[in-house]
Amino acid sequence: MHFSELASFFHTIENTSSRNEMTKILAELFKKLHEDEIDKVIYLLQGRIAPTYVKIDFGLGEKLVIKAITRALNIEHKHFMNRYKSKGDIGEAAEFFKKEIRSIGERDMTVKEVFVILEKITKASGGGSQDTKLALLAELIQTIDSLSTRYLVRIPINTLRLGFSDMTILDSLSWMLDGNKSHRPIIERAYQIRPDLGYIGKTVKQGGVHKLEKVKPEVFTPILMMKAQRLPTPQEIIDKIGKGIVEPKYDGFRLQVHYKNKKVKLFSRNLDDVTYMYPDIIEGIRKEVKAKEIIFEGEAIGFDPHSGSFLPFQETVQRKRKYHIQEKALEIPLKMFAFELLFLNGNDYINKPFEQRRKALEKQIKLSGDIFKDTLLLSPEKIADNDQILEEEFDDAISRGLEGIMIKKIDGVYQPGARGWNWIKYKRSQSSKIDDSIDCLVMGYDVGKGKRSGFGIGAFLAGVYDDKHDIYRTIAKIGTGLSDIEWVELRKRCDHIASNQRPALYEVDKQMNVDVWVKPKIVVEIQADEITRSSVHTAGRVMQATKSGKGSEVKASGYALRFPRLKRFRDDKKPEQATTLSELKQMYKDSKQ
Ligand code: AMP
């Protein structure tokens with residue numbers, strides 16, 4: 001396929017607001033592709049040249065991309081900036097000039113050719129590499145047509161967001177096969193084990209869904225992480241799970257470890273490759289893991305070697321950083337508590353019962369049991385079949401400064417990417433009526449009046465994820481509870497992903513429109529006092545016909561948050577990992593008990 005044809009698809013998708021339409025357009029695109037093109041096209045659709053869990057760095061910030069454009073088209077920087085400011089999008093500005101200025105050597109490049117050059121840009125390193133990168137991008141801009149330029153220049157600066165989620169791609173692959181979404185469950189299951197959309201697309205092209213049914217975990221490809229359900233009382237937990245295994249719930253961060261022949265990779269819950277951040281954990285793994293190849297998970301938490309106690313999340317989280325890694329590692333040493341085994345020496349453990357996974361894991365980690373000496377430890381466990389044990393374990397965890405407990409169904413399988421009932425968390429309840437915080441997507445913002453008009457942001461619209469329909473629904477407009485620094489930070493983050501129109505995946509009531517929409521990216525943790533019913537939000541909205549004096553009218557009522565306030569940015573979560581509508585409904589129900 002030629003890149004210009006792909007650019008026309010980008011254009012159609014960008015101007016489509018219905019998710020169903022998008023699914024069909026993507027399916028039509030996938031149908032046209034050869035099996036060794038589809039993976040590349042899928043990465044490009046995501047504005048990338050590799051799966052999302054692979055770190056890629058074009059090494060070209062916005063300034064350099066602008067330099068490449070002005071150099072390629074021989075225009076003045078000032079001239080370009082004026083157009084960029086008026087359009088608000090670098091791609092549209094570049095397209096405008098490219099339409100006017102024809103370069104020598106313009107030709108229709110194939111998708112593969114463009115892909116190879118983008119790869120070259122990421123690979124150029126060392127002295128003089130910046131010039132090489134600039135020259136490669138400028139040459140591309142000279143060669144391709146104007147519409148292609150619009151999309152190409154957004155890629156290095158990560159602003160090609162066409163407004164669909166990974167789930168839309170999965171639906172489209174099913175649609176490509178049969179003109180319906182019937183294959184989505186099988187495709188999604190494979191994606192949960194190998195969340196590389198390019199690989200999934202290519203495998204479907206090669207052997208249909210049958211080939212996907214055989215997909216196994218692969219060391220160094222992260223597996224979507226299982227999530228925990230919640231219940232408000234130990235009795236309900238026992239009723240639900242029967243016999244379980246209790247473990248302390250550490251308030252640190254989750255890591256998925258991939259290990260083969262002494263090579264280690266670490267993935268965050270968001271499937272980011274965070275290997276470089278934790279040299280102490282890597283060393284511990286190399287020392288203490290016996291297996292030849294293994295995928296396992298655990299929670300890393302800061303530890304104070306003087307007092308022998310765990311550190312609160314606010315301190316542990318300081319280890320998530322790009323710079324001064326070694327110094328911080330000395331200041332805040334980590335302990336990693338392993339709790340899950342997913343793959344071992346060629347064998348898939350995902351569908352084995354928890355007890356079996358746990359036993360096999362115990363054999364793979366050298367157990368000295370000395371928390372002062374080892375970095376990698378096994379999470380302690382206790383069998384529980386009554387609420388009394390849960391109460392005791394919970395009190396014990398809280399007294400050690402931990403967050404609560406996790407209860408795992410003894411014969412439960414690992415459910416990749418799902419929030420299943422095989423894991424249930426029981427956390428300390430806060431003083432507010434709802435125990436847990438809510439992870440929301442930032443959907444847009446109002447520019448603000450009064451004191452905060454200086455920050456250019458006065459309130460933001462927050463939403464939860466409706467996983468049944470793959471859309472985001474609003475739950476609160478938040479104008480308080482942020483420090484000045486947080487407002488500035490939020491505005492800065494929003495600037496990179498502002499959108500001229502309301503993204504297709506947002507369901508918003510007219511009354512909740514905002515001055516500026518932002519594309520789905522920023523997840524924030526919100527604490528609120530209560531979940532209430534409200535007619536202005538779309539989360540959980542049901543249309544009800546009511547009879548009034550003037551005849552019948554349709555009334556809508558969704559959920560809203562009372563006194564919402566920001567707790568922290570959740571950079572470890574993707575938009576689809578925000579609190580789901582069904583969780584919210586459950587929280588509402590629990591809070592009313
Ligand atoms: P939450 O983030 O509140 O939904 O709770 C689930 C998270 O608890 C997991 O993603 C882990 O990061 C963390 N966690 C802490 N201790 C454990 C444990 N023993 N087993 C499983 N998850 C744990």
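Numbering of residues starts from 1 in every chain and runs along the sequence as written. Note on the predicted model: pLDDT of at least 70 is required for a residue's local features to be given, and 80 or more for side-chain atom pairs to be given and counted; whole-chain, interface and lining totals, by contrast, use all residues. Only hydrogens and water are removed before side-chain values are computed, so all heavy atoms of the structure are retained for them.

J.: I tried to follow the sheet that holds strand 2 (residues 244-249) on my own but got confused; where do I start?
T.: Overall, mixed pairing links the 5 strands, which are arranged 1-12-11-2-10 in an open sheet. Each edge of the open sheet is held by one strand with a lone partner, namely strand 1 (227-230) and strand 10 (382-384). Geometrically, the sheet is characterised by an average inter-axis angle of 40 degrees between neighbouring strands, direction not taken into account. Here 4 bridges tie strand 1 to strand 12 (residues 419-427), and the two strands are oriented parallel to one another. When the bridges of strand 12 are listed, Q229 appears paired with I424. By definition in these notes, contact holds between two residues if any of their heavy atoms fall within 4.5 Å. Structural elements are reduced to axes, namely lines fitted to C-alpha atoms, with helices fitted over the stretch in contact, and the angle between N-to-C directions of any two is expressed from 0 to 180 degrees. Under the scheme used here, helices are H or I runs from DSSP no shorter than 4 residues and strands are E runs no shorter than 2 residues, and both carry numbers assigned from the N terminus. Of the strands in this sheet, strand 2, strand 10, strand 11 (404-409) and strand 12 are in contact with helix 18 (residues 387-399), which crosses strand 11 at around 140 degrees. In this analysis, strands are considered paired if DSSP registers two or more bridges between them.

J.: Hey, could you run me through the pattern of salt bridges in this one?
T.: It is possible for side chains of opposite charge to pair when their charged atoms get near one another. Each reported salt bridge corresponds to a side-chain nitrogen of Lys or Arg within 4 Å of a carboxyl oxygen of Asp or Glu. Tallied over the entire structure, the rule returns 47 salt bridges. As a salt-bridge pair, R154 and D89 come within 2.9 Å of each other at their nearest N and O atoms. One end of the pair, R154, is in the loop between helix 9 (146-152) and helix 10 (166-178); the other, D89, is in the loop between helix 5 (77-87) and helix 6 (90-100), and 65 residues separate them in sequence. Comparing R154 with D89, the two get one shared label, buried. Accessibility here uses a 1.4 Å probe with only protein chains present; expressed as a share of the type maximum, an area under 20% marks a residue as buried, one over 50% as exposed, and anything in between as partly exposed.

J.: Please explain the environment of V274 as it appears in this structure.
T.: Looking at the secondary structure, you find V274 in the loop between strand 4 (263-267) and helix 14 (279-288). V274 sits 47 residues away from R321 along the chain, and the two C-alpha atoms are 9.5 Å apart. When near neighbours in sequence (up to four residues on either side) are disregarded, V274 contacts L255, L266, F267 and S268.

J.: Would you take a moment to explain the environment of Q527 for this structure?
T.: With respect to the helices and strands, the residue Q527 is situated in strand 19 (residues 523-527). A residue is classified by how much of its surface remains accessible, and Q527, at 6% relative accessible area, is buried. In the structure, Q527 is positioned 40 residues away from K567 in sequence and 6.3 Å away in space, judged by C-alpha atoms.

J.: When you look at unusual backbone geometry in this model, what are you seeing that I'm missing?
T.: Phi is mostly negative for residues that are not glycine, and the peptide bonds are mostly trans. Backbone geometry places F220, a non-glycine residue, at a positive phi of 85 degrees. Within the element layout of this structure, F220 appears in the loop between helix 12 (197-213) and strand 1. On the basis of relative accessible area, F220 is assigned to the buried category, the value being 19%. You will see that N345, though not glycine, has its phi angle at about 40 degrees, which is positive. For N345, a relative accessible area of 40% corresponds to the partly exposed category.

J.: Can you walk me through the site of the ligand in this structure?
T.: Each residue is tested against the molecule or strand, and it is near if at least one of its non-hydrogen atoms lies within 4 Å. The environment of the ligand is formed by 13 residues, the closest being E247, R254, E299, K408 and K425. The contact in question runs from a nitrogen atom of the ligand to an N or O atom on the side chain of E247, over 2.9 Å. Distance and chemistry together define a polar contact, namely a pair of N or O atoms within 3.5 Å, with one atom able to donate a hydrogen and the other to accept it when in protein, and with adjacent residues in sequence counting only for side-chain atoms on both sides. At 3.1 Å, a side-chain N or O of K249 approaches an oxygen atom of the ligand. For the area figures, the Shrake-Rupley method with a 1.4 Å probe applies, and any residue is considered shielded solely by the protein chains shown. Considering the ligand on its own, with 500 Å² of exposed area, one finds that the protein chains cover 93% of that surface. Elements that contribute at least two residues to the shell around the ligand include exactly strand 2, strand 11 and strand 12.

J.: Before we go on, may I ask you to explain the domain arrangement of the chain in this structure?
T.: Interfaces are often described in size by the accessible area the parts lose on coming together. For the chain, the assigned domains are domain 1 (227-426) and domain 2 (438-591). Where each domain starts and ends comes from a domain assignment, either automatic or drawn from a database. For domain 1 versus domain 2, the separation of C-alpha centres amounts to 32 Å. Of the residues lining the interface, 7 residues belong to domain 1; the matching set on domain 2 comes to 10 residues. Reported buried area values correspond to the accessible surface (1.4 Å probe) lost by two parts on association, with both partners' losses combined. Taking both partners together, domain 1 and domain 2 bury about 1,000 Å²; carbon and sulfur atoms supply 39% of that area. When the area that domain 1 buries against domain 2 is broken down by residue, the three leading residues are R230, R269 and N270, summing to 53%.

J.: For this particular structure, what's the right way to read the UniProt feature "binding site: ATP" (unreviewed entry) in the chain?
T.: Here the UniProt-annotated "binding site: ATP" (unreviewed entry) positions come out as E247, R254, R269, E299, F339, R419 and K425. Beyond its immediate stretch of four places on either side in the chain, R254 contacts M225, M226, F267, S268, R269, E297, G298, E299, F339, Y414 and W423. Within the local environment of R254, its side chain forms a polar contact with the side chain of E297, the two groups lying 2.8 Å apart. Examined against the element boundaries, F339 turns out to sit in strand 7 (residues 334-344). Judged by relative accessible area, F339 falls into the buried class, the value being 9%. With sequence-adjacent residues up to four places away left out, F339 is seen in contact with E247, R254, E297, G298, E299, F354, L361, S379, K408 and W423. UniProt positions are given in the numbering used here, feature names are shortened, and annotations may be inferred rather than shown by experiment.

J.: Looking at this model, I keep getting lost on the packing of helix 1 (residues 3-14) against helix 3 (residues 38-45). Mind explaining?
T.: Packed helices, taken two at a time, are described by their axes: the angle between them and the distance between them. Axis separation between helix 1 and helix 3 bottoms out at 12 Å; the angle between their running directions is 45 degrees. Regarding the angle of helix 1 to helix 3, the classification is oblique. When the axes of helix 1 and helix 3 are compared, the crossing they make is right-handed. Residues F3, L6, F10 and I13 of helix 1 pack against V41, L44 and L45 of helix 3. Throughout, the term roughly parallel applies to angles under 35 degrees, roughly antiparallel to angles over 145, roughly perpendicular to angles from 65 to 115, and oblique to all others. Take the far helix as the reference: if the near one is turned anticlockwise from it by less than a right angle, the crossing is left-handed, and if turned clockwise, right-handed.

J.: Looking at this model, I keep getting lost on the UniProt feature "active site" (unreviewed entry) in the chain. Mind explaining?
T.: Feature annotation in UniProt assigns "active site" (unreviewed entry) to the following positions: K249. Its place among the elements puts K249 in strand 2. With residues near it in sequence (within four places) discarded, K249 still touches L402, E403, G404, I405, M406, K425 and K427.

J.: It is not clear to me how the nonpolar core should be interpreted in this structure. Could you clarify?
T.: In a soluble, globular protein the nonpolar side chains are often hidden away together inside. Put simply, a nonpolar core is a bunch of buried Ala, Val, Leu, Ile, Met, Phe, Trp, Tyr and Cys residues held in one set by side-chain atoms that sit within 4.5 Å of each other. With 107 residues, the main nonpolar core has L29, F30, L44, L45, F80 and L118 as its most contacted residues. With 7 residues, the top contributor of residues to this core is helix 4 (residues 62-73). Both domain 1 (227-426) and domain 2 (438-591) contribute no fewer than three residues apiece to this core. Once you skip the residues sitting within four places of it in the chain, L118 turns out to touch L44, I49, F58, L140, L152 and I155. Within the second largest apolar cluster, 32 residues are counted, among which are I478, W487, V516 and I522.

J.: Can you walk me through the packing of aromatic side chains in this structure?
T.: The geometry of an aromatic ring pair is captured by the separation of the ring centres together with the interplanar angle, meaning the angle of the planes. Pairing of aromatic rings covers Phe, Tyr and Trp, the last counted by its six-membered ring, and requires centre-to-centre distances within 6.5 Å; plane angles under 30 degrees mean stacked, over 60 mean edge-to-face, and any other angle means tilted. As enumerated under the stated definition, the model contains 19 aromatic pairs in all. Plain terms: the ring middles of Y250 and F337 are 4.2 Å apart, the flat faces sit at 5 degrees to each other, and that makes the pair stacked. Of this pair, Y250 sits in the loop between strand 2 and strand 3 (253-260) while F337 sits in strand 7, and the two are 87 residues apart along the sequence. For the pair shown, Y250 and F337 are each scored as buried.

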